[in-house]
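Okay, here's what each chain looks like letter by letter:
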Amino acid sequence: MENRPFLRSALAFYTALFIGFLYAPFVVLGILSFQAGPEGGPQFPITEWSTYWYEHIFGLTPPSRIAPLPIGEAMIRSLTLAFMTMVTSTVLGTMTAQAFRRRFKGSGFVFYLVVLGMIVPGVLVGLGLALVANNLGISRAWWGTAYVAHVLYTFPFAFLVMLAIFNRFDRSVEEAAWSLGVTPMRTFRKVTFPLIFPGVLSSMLFAFTLSYDEFPRTLFAAGADLTLPLAIYGTFSVEIHPNIFAFGVLTTLFSFSILAVYGILMSLSVRRAKKAAIQEDIQ
Amino acid sequence: MDASRGNDVLPESATAEEGVKTESGGGDSSARRITAMLIAPGTIWMLLFLVVPMLMMVYVSFWTQKTFSIEPTLTVKSWVAFFSSETYFAALLRTIKIWLIVLATTFALGYPTALFIGLFIKNKTVQTIVLVLCVVPFWTSFLIRVLAWRPMLGKEGAVNIVLEKLGLIAEPIEVLLFTEFSVVVGMTQIYVVFMVGPIAFMLSRIDPSLIEAARDLGAGTWRIFRTIIFPLSLPGVVVGAIFVSVMVLGEFATSAALSGRKVNLLGNIIVTQVGSLKWAFAAVAGVILTAVMAIVVAVLLRFVDLRKEL
Amino acid sequence: MTAILELKNVTKRYGGDTALDGLSVTLEANEYISLLGPSGSGKSTLLRVIAGFEKPDAGEVLLEGRSLAQVPAYRRGIGFVSQGFALFPHLSVFENVAFGLRNREDDPLQDAAELRRRVDEMLALVGLSDLGERGIDQISGGQKQRVALARTLVADPKIILLDEPLGALDANLRARMRVELRRIRQQLGITFMHVTGNEEEALAMGDRVAVLDSGRLAQISDPDSVYNRPQSARVAKFLNCYNMFEGRRDEGGAFHAGVSSFACSPGAAAAGVYCVRFDKIRVVPLQGLSEDGGTGVRATFITSEYAGPRITYFFRGADGKVLEVEYHLSHRRPDEFAVGGDYWLSWSPDEALVYFQ
C-alpha cells in the first residue's frame, strides 16, 4: 500500500487534520485563557491579551464579582485520592495478573468480572455504591466510597497492562531461580518484580491519571467534600469565565510534568539495571 | 545436523497458544492455594463493590418512592412511570440514537487515521509518536475539554467567525451549540481515539507480504482493501466499538455541558433523579441502561474474543 | 555405581498429547548421560518433570531413593541449565552466579568475603575470572553459557540437567564447549544429564546415551553400542548415519526392497527395515564390474559434500531414494565420481542391520 503516493499523501493530510481536530479544544482554551479580565468573557474575540485569569486562580487579583475557583482543597483531595487509587489498583492488578500466569478453574469468570469494572458506566457504579452506602447508613466520602469506585475503574486497566507484561515475560528466569533453591516468593521479589517494573510504572501512570480526572463515578460517591472534577462540574451550572480555561491549561501542564516524571523513572529503571550490573561488583 | 534441534513440541506450544502457562513452583495443591490467595482480593473487591451495588440497584428499582425518600416496599410503580412518561422513554431512544451516531462518526473519522498509522507508517517509533500525539489531549481535564467546545460552536464562536470571514454564511449559525449536534461533536472528539487505537493495532499486524502477494496477482487497491485489509482490521473495529459504546451509553457530562440541558440522555435522567432524591426512579433508569449496555456488549463480543485480542 | 536419580513409569500428558509415556530410567552417580531424541520426543518435558517445573500425571521420580512427588522445584537441589541460558538480565555476571548462594531458602550465604571467594572460584573454573562485573548484555553467547553453568554449579546440586545447552552457540563454540563441559563435570564429580537433538553431540558427550522416542526410552547404553548396534530401526534413524530400506524378507533369506534385493540372514518371512551405515559402503564404477557386484544397489551419483575429515557422497537409487556414502579421509583420498554416472554401491551383508517388525 505504501507505494500509492497519492493515497499516502491524502491519508497523511487527513491524519494531520484529524490531529488538529483532537487538539482544537486545547488550542481554544489556551487562547481564551489569556482573555482580558475581569470583563472579558469566555468567547472570541480576545479583547485584550492578559494573564489576569491565571492570577485570578491564585487569588492575586483584586476582588471582583467573579468568585475564585473553589479548587484549593479539592485539588489536594484529588491528588491524595489518585495516589491511594494508584497504589491499590497496581497491587491488585499485579496480584491478579500473576495468578493468571497459571491456568486455573474459573479464570474466565475472574477475567470478565475484573474487566466489568471498566465496562460498567461510571454513573451506574456511583449510583449503586450510593444506594448501598445509604442503606447501610455509611456516609459517602471521597476517601471511602469514591476511593472504592475509583479502584473499580483503574484496577482493570492495571490488570490488563500487567497481563500483557506477563504474557511477554520469559518464565525460564524464574525457573532458573527456583532450581537454585530460591523460594517462589523471594524469586518474585528478586527476579520477577525488577523485570516487570516498567509495566508496574505504566499501570501506576494509568491509574493515577484515570483517577485524577475521574468524574461520573465520583459524582454520586464523593459525598460532601468535592474532588477537583466535581468542583469544575459545579461551575457548569453557573456562568463560565475564562479562569476555568486558565485552570485547564495549568492542569494540562501538571499532567505533562507527571508524564515527565514517569519518563524519567522509566529511563532510570532501564539505566539502573545496566549500572547495577557494573557497580555492585566494584565495591 | 542441526535440523532436529529445537524445542520439544509440547510444553512450549501447548502453553503459548493459551497465553497461560502451567506452573508449579510447589506442589499442585500449594500452587492452587497461591492462586486463590492472589485472586481473592481483586475478586472480592469487584464482587463487593461492583456486583453487589448493581444488584442493589435492581432491587431498589422495585422500592416505593416517597417524596424525598424510598421505602423497601416492593412495587413496579417506578417502572410503570418510566415507560409511561414521554420524556423518559424519549431519553432512552435519544441515548440509543446518539450512541449509534457517535459510533458511526468515530468509525468514519477514525478509520482513515488508523489506516495511515497502522499501514502506511512503517517505522515503529514514528507510529508510536503519532499514537501518543493522539492521546496527549487526554491529559487535559475531560470536563474542561468539553467546555472548550462552547466558544468554538457558539453563536459568536470560532466556527461562525471563520465561516463569516470566509463569506460562506451571512448570519451566524445558531444550531451549532446546545443541540444534539454539539453533543455529537463533543463526544466524537473525546472518544474517537478509542476507535483509532485498536484498529491501528490490528492493521499494523498485517503481514505486508500478504498485500504484496495480492498486488502481484493483479488486485487493485480497492479490491485489496475490501478483501484483505478491512476483514483483518475488523477485530480492531469491534474492540473500538466496544470501548466507544460503553463510554457513550453511560455519558451525561458532555450532554450536560454542550446541550444546555436540552438533550437528556439516560445518564442525565439518573443524575437529575438522584439530585431530587428520587432513588427508585434513578435505579429504574440505571437498570434499563445496564440492560441496553449488556445487549450491546454481548452482541459485539460475539464477533471477537476480548481475552485473545488483548 | 549407585543410582542417584530414578524415574519409574513417568507419564505426562498435555491435553490429548502424551509427552512421556510410562518412562523408566536410572541415572548413576558421577556419570555424564546424554539424552537423544528428535523434537517432540518428550526430552524437554522429561527434564522439566525431573526439575519439578512440571508434575507428572503418573509415576514417580526418586532422588537418592527419596520420592520427589511432594518436593517443589526449589527444594530439590537439582540444577537446571536451559537452552536460552535464562540469565537474570538485571544482574551482573558476578551477581548472577552469587544469586543462588545469596537468596536460597536453605542457609543463605551472607558473608561477603566467603561469597566472593565461592563465586570467584566458580568463575575461574568456567574461565570467566575477568568478566564478573560485566552486564549480561555485554558478554558473548559462549560466555553466557558459562555463566549459566557457573550459576548452577555454585549451588552445589546433586545433579545438573542441561536442556540443549549448546543449541544457541555457533558450531565452533559448540565444539569447544563440549570439551569444557566434560572437563568441568569430571572435576566436580556431579551427574550431568544433557538433552540434545544432535546425535553427534549425544555420542560425543555421554558416558551413556539414552534415546527417547515418542515419550518412551528406545535404548540406553554406551555410545559405541548405540552407534554400532541400535536396538531398533527408529534408533538407527535418529542416528542419521544409516541408509534404510523398507521391505520384506522371504524364506530363502533374501531381503526385497522395491526393485532391489539383498542377502540377509535366513529366517521366517517378515516385513522389516534393512539398514546400512553410510561408512560401510564401497562405491564401484559399473563398467569395471564383473557380473555380480555382491550385495548392493545400483545408483546414480548426484553430488558430494566435503567436510574435512570426511566426505559424503549422495546417490539416487533406482526407486528415487537418496543414498549416502561416507568416506573417512584419514585413510584415503576422496574419490572423484562423474555426476549422473551410474555406480554400484556395495557392502558386506555382515555389516547390515535388519530389524523385523
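These figures come from a predicted structure and were not determined experimentally.

### Observations concerning the sheet that holds strand β8 (residues 191-196) of chain C
Residue and element names in this part refer to chain C. In spatial order, the strands read β6-β7-β8-β3-β9-β10; together these six strands make up an open sheet with mixed pairing. A single partner strand is all that each edge strand has here, and the edge strands are β6 (78-81) and β10 (216-221). Each strand of the sheet is rotated relative to its neighbour by a mean of 20 degrees, with strand direction disregarded. Contacting β3 (32-36), β6, β7 (159-163), β8 and β9 (208-213), helix α1 (residues 43-51) runs over the sheet at an angle of about 150 degrees to β7.

### Digging into the confidence of the model for chain A
Residue and element names in this part refer to chain A. In the predicted model, chain A carries a mean pLDDT of 85, and 94% of its residues have values of at least 70. For chain A, the element scoring lowest by mean pLDDT is helix α11 (residues 242-282), at 73; helix α3 (residues 72-99) scores highest, at 93. Across residues 277-283 the pLDDT falls below 50, and counting only partners more than four positions away or on other chains, this stretch makes 14 contacts in the model.

### Here we look at the interface of chain A and chain C
Across the contact, 25 residues belong to chain A and 30 residues belong to chain C. Going through the elements one at a time, α7 (172-179), α8 (184-212) and α11 of chain A are the ones with two or more residues in the side of chain A that touches chain C. Among the elements that make up the side of chain A that touches chain C, the one with the highest residue count is α11 of chain A (eight residues). Taken together, the residues that form the side of chain A that touches chain C break down as 15 nonpolar, four polar and six charged.

### Some points on the domain arrangement of chain A
All names here are of chain A. If you check the domain split of chain A, you get domain 1 (1-66 + 241-263) and domain 2 (72-239). Placing the centre of domain 1 and that of domain 2 at their C-alpha centroids yields a distance of 30 Å. Domain 1 puts five residues into the contact, and the matching count from domain 2 is seven residues. Its residues placed into classes, the side of domain 1 that touches domain 2 shows three nonpolar, two polar and no charged.

### Examining the UniProt feature "domain: ABC transporter" (unreviewed entry) in chain C
Per the UniProt record, the feature "domain: ABC transporter" (unreviewed entry) sits at residues 5-239 of chain C. Summarising residues 5-239 of chain C: 36% helix, 26% strand, and an end-to-end C-alpha distance of 26 Å.

### What to know about the UniProt feature "transmembrane region" (unreviewed entry) in chain A
All names here are of chain A. In this structure's numbering, the residues bearing the UniProt feature "transmembrane region" (unreviewed entry) are residues 12-34, 74-97, 109-133, 145-166, 191-212 and 244-265. Measuring from the first to the last C-alpha atom of residues 74-97 gives 33 Å, for a span that is 100% helix and 0% strand. Annotated as residues 145-166, this span is 100% helix and 0% strand, and its ends, taken at the C-alpha atoms, are 31 Å apart.

What counts and what doesn't
- In every chain, residue numbers begin from 1 and rise along the written sequence.
- Just so you know, chain letters begin at A and ligand numbers begin at 1, following the order they were written in.
- Note on the predicted model: pLDDT of at least 70 is required for a residue's local features to be given, and 80 or more for side-chain atom pairs to be given and counted; whole-chain, interface and lining totals, by contrast, use all residues.
- Paired strands are those between which DSSP finds at least two bridges.
- Numbered from the N terminus, helices here are DSSP runs of H or I no shorter than four residues, and strands are runs of E no shorter than two.
- Interaxial angle, 0 to 180 degrees, is taken between N-to-C directions of lines fitted to C-alpha atoms, where a helix line uses only the stretch in contact.
- Contact between two residues is assigned when their C-beta atoms, built from the backbone, lie within 7 Å.
- The predictor reports its confidence for every residue as pLDDT, a score running from 0 up to 100.
- All residues other than Ala, Val, Leu, Ile, Met, Phe, Trp, Tyr, Cys, Pro, Asp, Glu, Lys and Arg, Gly among them, are scored as polar; the first ten of these are nonpolar and the last four charged.
- An automatic or database domain assignment supplies the start and end points of every domain.
- UniProt positions are given in the numbering used here, feature names are shortened, and annotations may be inferred rather than shown by experiment.

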